[in-house]
Amino acid sequence: MENAGIGADGTGRRGFLARLAMLSGLGTVAAVASALAARYIYPLKSIRLKRTIFLAPKTDIPPGRGRPYRLPDGGTALVTDTGTEIVALSDICPHLGCKVHYDGARGKFVCPCHGGVFEKDGTAIAGPPAEEGKNLKRYAVSKVGENLFIDFEETIQS
Ligand code: FES
């Protein structure tokens, strides 16, 4: 008498299901191994994308004050009319990452954490950033008609 679908030679229903489960597992392992091998043989490529992004009408930038704009990478550009030009600088201090603001009275960008001071073009002139030679990241700003645009570059993996 046969036992619950298992034949004497192991070819019954349970034997078939056990082999099917084993083959399915092996197939999954082979697929994962193939994907890992393919990624090793053909590594991800880094592509640099340069985009021009609309910021705002020029009239939205108040003279002497920095206005923050969110960038596609999650960072922020502090767009400021310094009186002589409109600049867009990262608001992240290159020393330890505090938020920098524009001090219109001094005509400088200032970091409140350790006294970092930057010129209008982002060049560090005092405090730890100047000692380390680390300037604020600057983005190119262009004006088309009455609108302001920013050049934004990012690296993506494909
Ligand atoms: S974090 Fe800005 S000066 Fe230290």
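Being a predicted model, the structure only gives us computed values, none of them experimental. (Residues numbered from 1 in each chain as written. Predicted model: local features only at pLDDT ≥ 70, side-chain atom pairs only at ≥ 80, totals over all residues.)

Visitor: Would you mind showing me how to read the overall build of the chain here?
Guide: Broken down by element type, the chain carries 2 helices and 11 strands. Secondary structure elements of the chain, listed N to C terminal, follow the sequence α-β-β-β-β-β-β-β-β-α-β-β-β. Computed over its C-alpha atoms, the radius of gyration of the chain comes to 30 Å, more than 25% above the 15 Å expected for a compact globule of 158 residues. On the principal axes, the C-alpha backbone points of the chain span a range of 100 × 40 × 30 Å. When burial is assessed residue by residue, the chain has 18% of its 158 residues classed as buried. For the chain, the share of sequence-separated contacts (at least 6 apart) that also reach a separation of at least 24 residues comes to 43%. (Helix = DSSP H or I, 4+ residues; strand = E, 2+ residues; numbered from the N terminus. Rg over C-alpha atoms; globule rule 2.2 N^0.38 Å. Buried ≥ 20, exposed ≤ 12 C-beta atoms within 10 Å, placed from the backbone. Contact = placed C-beta atoms within 7 Å.)

Visitor: What exactly am I supposed to notice about the pairing of strand E2 (residues 66–70) here?
Guide: If a strand is regular, its side chains alternate between the two faces of the sheet. Taken together, the 5 bridges between E2 and strand E3 (residues 76–81) define a ladder with antiparallel strand orientation. Opposite Arg 70, over in E3, you have Thr 76 as the bridge partner. Taking the residues between adjacent antiparallel strands as the criterion, E2 and E3 are bridged by 5 residues, where Gly 74 takes a positive phi near 95 degrees. (Pairing = 2+ DSSP bridges.)

Visitor: For this particular structure, what's the right way to read the nonpolar core?
Guide: One recurring pattern in soluble globular proteins: nonpolar side chains tend to sit buried together. The biggest cluster of nonpolar side chains holds 20 residues, and the ones touching the most others in it are Ala 77, Leu 78, Val 79, Ala 88, Leu 89, Val 100 and Phe 109. If you list the elements that add at least two residues to this core, you get E3, strand E4 (86–90) and strand E11 (147–157). Non-local contacts of Phe 109, meaning those with residues more than four positions away in its chain, are made with Leu 89, Val 100, Tyr 102, Phe 118 and Leu 136. (Core = buried A, V, L, I, M, F, W, Y, C linked by C-beta atoms within 7 Å.)

Visitor: What is the right way to look at the sheet that holds E11 in this model?
Guide: Strand pairing in a sheet relies on backbone hydrogen bonds, with the paired strands running either antiparallel or parallel. One open sheet holds the 3 strands; their spatial order is E1-E11-E10, and the pairing between them is antiparallel. On the outer flanks of this sheet lie strand E1 (46–57) and strand E10 (141–144), each paired with one strand and no other. Averaged over all neighbouring strand pairs, the angle between strand axes comes to 35 degrees, with direction disregarded. Bridge count between E10 and E11: 4 bridges; the pairing is antiparallel. By the bridge assignment for E11, Lys 143 is matched with Leu 148. (Axes fitted to C-alpha atoms, helices over the stretch in contact; angles between N-to-C directions.)

Visitor: I'm lost on the domain arrangement of the chain in this one. Help?
Guide: One widely used convention gives an interface's size as the accessible area the parts lose upon coming together. By domain assignment, the chain separates into domain 1 (1–43) and domain 2 (47–157). Here domain 1 and domain 2 have C-alpha centroids that lie 58 Å from each other. (Domains from an automatic or database assignment.)

Visitor: Even after reading the chapter, I still don't get the sheet that holds strand E8 (residues 124–126), so can you show me in this structure?
Guide: If you trace the 4 strands from one edge of the open sheet to the other, you get E5-E6-E7-E8, paired in antiparallel fashion. At either end of the open sheet lies a strand with only one pairing partner, and these are strand E5 (101–103) and E8.

Visitor: Just to check I follow, could you spell out the pairing of E3 for this structure?
Guide: Two strands pair when backbone bridges link them, and E3 and E4 are joined in this way by 5 bridges, in the antiparallel orientation. In the sheet register, Leu 78 faces E4, and the bridge partner there is Leu 89. Here E3 folds back onto E4, and the loop between the two strands holds 4 residues, one of which, Gly 83, carries a positive phi near 100 degrees.

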